[in-house]
Amino acid sequence: MWAASVLTIFPEMFPGPLGLSLAGKALANGVWALNTIDIRDYATDRHRSVDDTPAGGGPGMVMKADVLARAIDAAGDGRPRLLMSPRGVPLTQARVAALAEGPGVVAVCGRFEGIDERVIEARGLQEVSVGDYVLSGGEIAAMALIDACVRLLPGVMGAEASAGEESFAAGLLEYPQYTRPQVFEGRPIPQVLLSGDHAKVAAFRRAEAERLTRERRPDLWTARPAKPEKTTG
Ligand code: SAH
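Rules used in this analysis
Residues numbered from 1 in each chain as written. Predicted model: local features only at pLDDT ≥ 70, side-chain atom pairs only at ≥ 80, totals over all residues. Heavy atoms only, no water. Pairing = 2+ DSSP bridges. Helix = DSSP H or I, 4+ residues; strand = E, 2+ residues; numbered from the N terminus. Axes fitted to C-alpha atoms, helices over the stretch in contact; angles between N-to-C directions. Contact = heavy atoms within 4.5 Å. Phe/Tyr/Trp six-rings, centres within 6.5 Å; stacked < 30°, edge-to-face > 60°. Lys NZ or Arg CZ within 6 Å of the ring centre and 35° of its normal. Disulfide = S-S within 2.5 Å. Buried < 20%, exposed > 50% of the residue type's maximum accessible area, 1.4 Å probe, protein only. Near = heavy atom within 4 Å. Polar contact = N/O pair within 3.5 Å; in protein donor to acceptor, adjacent residues only side chain to side chain. Areas by Shrake-Rupley, 256 points an atom, 1.4 Å probe, with all protein chains shown as cover. Parallel < 35°, antiparallel > 145°, perpendicular 65-115°, else oblique. Left-handed = near helix turned anticlockwise from the far one by under 90°. Nonpolar A, V, L, I, M, F, W, Y, C, P; charged D, E, K, R; others polar. Domains from an automatic or database assignment.

### Some thoughts on the sheet that holds strand S7 (residues 126–129)
Point 1. In space, the 5 strands of this open sheet follow the order S2-S1-S6-S5-S7, with parallel pairing throughout. Across the chains shown, the open sheet's two edge strands, defined by having one partner strand only, are strand S2 (32–38) and S7. Looking at each pair of strands side by side, their axes are set apart by 35° on average, direction ignored.
Point 2. Bridge count for strand S1 (residues 2–8) against strand S6 (residues 104–109) is 5 bridges, and the pairing is parallel. Looking across to S6, one finds that Ala 4 is bridged to Val 105.
Point 3. Contacting S1, strand S5 (81–90) and S6, helix H3 (residues 93–101) crosses the sheet at an angle of about 175° to S5.

### Some points on the packing of aromatic side chains
Point 1. Evaluated as defined, the whole model comprises 1 aromatic pair.
Point 2. In this structure, Arg 214 packs its charged tip against the face of Trp 221, placed 5.2 Å from the ring centre.
Point 3. Taking the ring centre of Trp 221 as reference, the NZ or CZ of Arg 224 above it sits at 3.6 Å.

### A look at unusual backbone geometry
Point 1. Here the bond from Phe 14 into Pro 15 is cis, since omega is 0°, no more than 30 degrees from zero.
Point 2. Residue placement: Pro 15 occurs in the loop between S1 and helix H1 (21–28).
Point 3. Note that the residue after Arg 180, namely Pro 181, is joined by a cis bond; omega there is 5°.
Point 4. Tracing the sequence through the fold places Pro 181 in the loop between helix H5 (139–150) and strand S8 (183–184).
Point 5. Non-glycine residue Ser 21 carries a positive phi angle of around 55°.
Point 6. Position of Ser 21 relative to the elements: it lies in helix H1.
Point 7. Positive phi outside glycine occurs at Phe 168, with the angle close to 80°.

### Observations regarding the state of the cysteines
Any covalent bond linking the sulfur atoms of two cysteines counts as a disulfide.
Point 1. The tally for this structure, following the rule as stated, stands at 0 disulfides.
Point 2. Cys 149 supplies the cysteine sulfur nearest to Cys 109, a cysteine that is in no disulfide, at a spacing of 14 Å.
Point 3. Assessed through its relative accessible area of 0%, Cys 149 is described here as buried.

### Regarding the site of the ligand
Point 1. The environment of the ligand is made up of 18 residues, and the closest members are Met 84, Gly 110, Glu 113, Gly 131 and Tyr 133.
Point 2. Between the ligand and Val 130 there is a distance of 3.1 Å, counted from a nitrogen atom to a backbone nitrogen or oxygen.
Point 3. The contact in question runs from an oxygen atom of the ligand to an N or O atom on the backbone of Gly 138, over 3.4 Å.
Point 4. Look at the ligand: alone it shows 560 Å² of surface, and the protein chains cover 83% of it.

### Points about the packing of H3 against H5
Point 1. At a minimum axis separation of 8 Å, H3 and H5 run at an interaxial angle of 70°. By the angle class used here, H3 and H5 are roughly perpendicular. Relative to H5, the crossing made by H3 is right-handed. Across the interface between the two elements, Val 96, Leu 99 and Ala 100 from H3 touch Leu 145, Ala 148 and Cys 149 from H5.
Point 2. Counted by class, the contact of H3 with H5 contains 6 nonpolar, no polar and no charged residues.

### As for the domain arrangement of the protein
Point 1. According to the domain assignment, the protein contains domain 1 (2–150) and domain 2 (166–223).
Point 2. Placing the centre of domain 1 and that of domain 2 at their C-alpha centroids yields a distance of 36 Å.

Next comes the structure, spelled out in structure tokens:
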């Protein structure tokens with residue numbers, strides 16, 4: 001079973017949103033497992049300290065390497081060990097898909113100014129970022145990562161298994177979607193979508209996805225995979 005272990009000083013934040021909707025149903029049905037590890041349980045002093053002042057001075061506090069290492073060891077071997085971190089490699093749909101194919105993740109959630117560099121090296125933590133902005137802790141980042149993985153697990157999206165058509169699947173953003181009413185505040189649904197002509201619908205959607213990607217994400221447009229060669233004969 002795909003299993004996520006989350007290391008945090010706020011275990012009460014979980015499952016939180018992961019306990020509802022698609023991810024929550026899958027959790028209840030045993031499609032995946034969630035285990036929170038309270039980092040404080042691995043402190044050794046009577047104040048259960050997990051942080052200390054930064055070597056070299058400066059503002060804030062740094063999470064202690066020794067305490068974190070014990071918490072990480074408690075999560076066991078065999079799964080990628082991720083540190084949620086604004087310095088990390090950006091999380092992409094391709095990375096999410098690769099993680100969903102594996103046995104699960106161990107996700108370390110930082111707090112304060114961050115964590116002692118030595119535990120990143122000593123425990124081989126892979127730093128992963130959810131975007132170029134700074135959160136106050138890694139928990140929301142870990143939830144985003146786990147949610148994105150879980151919806152790709154077999155059976156989670158069920159009949160709506162539309163992952164292959166979604167944003168980023170082909171290096172493109174998703175085409176616009178419409179549903180009833182046929183006219184909303186004077187705006188009709190594009191005629192082609194009501195035509196029943198599947199080839200025309202597919203061509204329209206493809207063109208719209210390409211237009212949106214060119215306009216909004218020139219970076220994705222330039223990097224998109226080349227179209228598969230047409231086979232002849
Ligand atoms: N001083 C650090 C920021 C610490 S924010 C710096 O300048 O890089 C506290 C914690 O929030 C981090 O340790 C990390 O676990 C989490 N976090 C903040 N922003 C994040 C992001 N964009 N992606 C993933 N985790 C993030």
